[in-house]
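Structural description and commentary
Read off the chains here:
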Amino acid sequence: MTNQMLSLNPETGCLEGVPFLASPHQDARPEGLPIDLLVVHNISLPPGQFGGSAVLDFFCGRLPVNDHPYFTEIQHLRVSAHLFIRRDGSMVQFVPFHRRAWHAGESHFQGKDRCNDFSIGIELEGTDTLPYEAVQYEQLAAVTRLLMQVYPALTRERLVGHATIAPGRKTDPGDAFHWQHFIGQLP
């Protein structure tokens, strides 16, 4: 999917040509709230390990808890993201953009709580401390440009990390994420 023109199907709320795995961890957004926040996250399962299907299984509610001791610690969580960008730039969508993904948890931004209600969550395969891949920035920027066209209330000032909306509880995307490089690729 890298270096291809992205498009969004307005009926499904999904990116064309990107695999879709429906997460059970989603629901309808409250009526009347514009989508006006994009939250950048990171994830790796087990922590610090890349590749494999563990992240996909986690977001789809089917994490094989016996495959790694860490999985028993997180098996109770009901989490999803709209989109996951792997280190090679490939993407998987779990929740249509017009629906509410369960990515932010307890959160607050500019006087509003429950950021899941009005945000889009994009997970990068990574950690707070390891550099992200150039292709991940390219894909994130391409998706963000498209989302900014579809959801005009989504502006550069409303692109944040999970740490911004859940300070003290979350640290991602971490110090390894280069915001200037990402923002510099946007209109």
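Structure: above.
Here's what I pulled together on the structure shown here. (Residues numbered from 1 in each chain as written. Predicted model: local features only at pLDDT ≥ 70, side-chain atom pairs only at ≥ 80, totals over all residues. Heavy atoms only, no water.)

Looking now at helix α3 (residues 134-150). If you check α3, its first and last C-alpha atoms are 25 Å apart, about what 17 residues at 1.5 Å a residue would give, namely 24 Å. The element α3 is largely enclosed, with a buried count of 12 among its 17 residues. (Helix = DSSP H or I, 4+ residues; strand = E, 2+ residues; numbered from the N terminus. Expected span 1.5 Å × (residues − 1). Buried < 20%, exposed > 50% of the residue type's maximum accessible area, 1.4 Å probe, protein only.)

Moving on to the layout of surface pockets. Rolling a probe over the atoms, with the probe sized like a water molecule, indicates the empty space that remains. There is about 530 Å³ of room inside the largest pocket. Along the wall of the largest pocket there are 25 residues; nearest its centre are N42, I43, F58, Y70 and K170. Counting residues per element, the ones that place at least two in the lining of the largest pocket are β4 (37-43) and α2 (69-74). Grouping the constituent residues of the lining of the largest pocket by class yields 10 nonpolar, 10 polar and 5 charged. (1 Å grid on protein atoms, 1.4 Å probe; cavity = no way out; pocket = protein on both sides within 12 Å on 5 of 7 lines; lining within 4 Å. Points joined across faces, edges and corners; volume = space filled by probe spheres on them. Nonpolar A, V, L, I, M, F, W, Y, C, P; charged D, E, K, R; others polar.)

Note: most residues except glycine have negative phi, and most peptide bonds are trans. Between L45 and P46 the backbone carries a cis peptide bond, its omega angle lying at -15 degrees. Backbone torsion omega between D172 and P173 reads 10 degrees, so that peptide bond is classified as cis. You can see P173 is positioned in the loop between α4 (162-165) and α5 (179-183). For Q110, which is not a glycine, the phi torsion comes out positive at approximately 45 degrees. Position of Q110 among the secondary structure elements: in the loop between β8 (108-109) and β9 (112-113). Judged by its relative accessible area of 59%, Q110 falls in the exposed class. Look at R114: it is not a glycine, yet its phi comes out positive at around 55 degrees. On the secondary structure map, R114 appears in the loop between β9 and β10 (119-125). For R114, a relative accessible area of 52% translates into the label exposed.

Let us now look at the side chain of E123. Along the chain, E123 falls in strand β10. Buried within the structure, E123 lacks any salt-bridge partner; K170 is the closest side chain of opposite charge, at an N-O distance of 8.0 Å. (Lys, Arg positive; Asp, Glu negative; His and termini not counted. Salt bridge = Lys/Arg side-chain N within 4 Å of Asp/Glu carboxyl O.)

Time to look at the environment of L56. Along the chain, L56 turns up in helix α1 (residues 54-59). Relative accessible area serves as the criterion here: at 13%, L56 is assigned to the buried category. When the C-alpha atoms of L56 and S80 are compared, they prove to be 9.3 Å apart, with 24 residues separating the residues in sequence. Beyond its immediate sequence surroundings of up to four residues, L56 is in contact with L21, F84, R86, V92 and F94. (Contact = heavy atoms within 4.5 Å.)

Evaluation of the coordinates by the stated rule reveals 8 salt bridges. With its nearest N and O atoms 2.6 Å apart, the salt bridge here joins R100 to D27. Here the residue R100 occupies a position in strand β7 (residues 100-101), and D27 occupies one in strand β3 (residues 26-27), the gap between them amounting to 73 residues. With its nearest N and O atoms 3.6 Å apart, the salt bridge here joins K112 to D36. With K112 in strand β9 and D36 in the loop between β3 and β4, this pair connects stretches of sequence that are 76 residues apart. Classification of K112 by relative accessible area gives partly exposed; the value is 25%. Accessibility expressed as a relative area gives 9% for D36, which makes it buried.

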